[in-house]
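Summary of structural features
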Amino acid sequence: GIYETRNLRPCLILDRQESHLKEGEKSSDEIYYTVRLMNHPGLAENERIPRGVSYIVTKIPRRAVRFSDKLYTTDQHLENAFRHRMGLGDLFPDQWMDLSES
C-alpha cells in the first residue's frame, strides 16, 4: 500500500495540526502534518525532486509518518556511554580458533 517502506521519503516537518472530529456520538482526534519532501539515495531519475524545486505536502496523517533519529545522535554515540568488554569465553570449538591450519 501507500504507507509501505519503499514509498517513504525523508522530509522536514513544517507544521502539525490537530483535527477534532465529531460524527454523531463518535468523536476522534487526528493529527496531520505539513512537510517538505526531500530525495534519498537510490531514487530513479524520474522519482527525484529536481534541484531548486520544493515539494510541500499538507494534511499528511500521522499514520503515514515514521519518525527516526538522525545518524549518530542516539545515546550509544555519546562519549560517556557505558561500554564494557564482553568476553566470549569457550563459546567456539577449538577447530574454529586455529586459523593457521588452513
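Residues numbered from 1 in each chain as written. Predicted model: local features only at pLDDT ≥ 70, side-chain atom pairs only at ≥ 80, totals over all residues. Heavy atoms only, no water.

In terms of helices and strands, the chain carries one helix and three strands. Put simply, the chain runs from its N terminus to its C terminus through helices and strands in the order β-β-β-α. Relative to the compact-globule value of 13 Å for 102 residues, the chain shows a C-alpha radius of gyration of 24 Å, a clear excess of over 25%. C-alpha atoms of the chain, sized along the principal axes, occupy 75 × 45 × 35 Å. Out of the 102 residues belonging to the chain, those deemed buried represent 9%. In the chain, the share of contacts with a sequence separation of at least 24, taken over all contacts with a separation of at least 6, comes to 49%. When the accessible surface of the chain is split by element, carbon and sulfur atoms take 51% of a total near 9,800 Å². (Helix = DSSP H or I, 4+ residues; strand = E, 2+ residues; numbered from the N terminus. Rg over C-alpha atoms; globule rule 2.2 N^0.38 Å. Buried < 20%, exposed > 50% of the residue type's maximum accessible area, 1.4 Å probe, protein only. Contact = heavy atoms within 4.5 Å. Areas by Shrake-Rupley, 256 points an atom, 1.4 Å probe, with all protein chains shown as cover.)

Next up on the list: unusual backbone geometry. Positive phi, close to 55 degrees, is recorded for Lys59, a residue that is not glycine. Inspection of the secondary structure assignment puts Lys59 in strand 3 (residues 55-61). Given the relative accessible area of 65%, Lys59 is considered exposed.

In the predicted model, the chain carries a mean pLDDT of 85, and 90% of its residues have values of at least 70. For the chain, per-element mean pLDDT is lowest for helix 1 (residues 94-97), which scores 80, and highest for strand 3, which scores 94. (pLDDT = per-residue confidence, 0-100.)

A full pass over the atoms with the stated rule returns two aromatic pairs. Consider the rings of Tyr33 and Phe67, whose centres lie 6.0 Å apart with planes at 75 degrees: the pair is edge-to-face. Taken together, the residues Tyr33 in strand 2 (residues 26-37) and Phe67 in the loop between strand 3 and helix 1 connect sequence positions 34 residues apart. Ring centres of Phe92 and Trp96 lie 6.0 Å apart, and the angle between their planes is 35 degrees; on these two criteria the pair is classed as tilted. You can call Trp96 exposed: its relative accessible area is 57%. (Phe/Tyr/Trp six-rings, centres within 6.5 Å; stacked < 30°, edge-to-face > 60°.)

With respect to the element layout, Leu8 can be found in the segment before strand 1 (11-23). Measuring from C-alpha to C-alpha, the distance between Leu8 and Ala64 comes to 8.7 Å, with 56 residues separating the pair along the chain. For Leu8, the contacting residues outside a window of four places in its chain are His40, Ala64 and Arg66.

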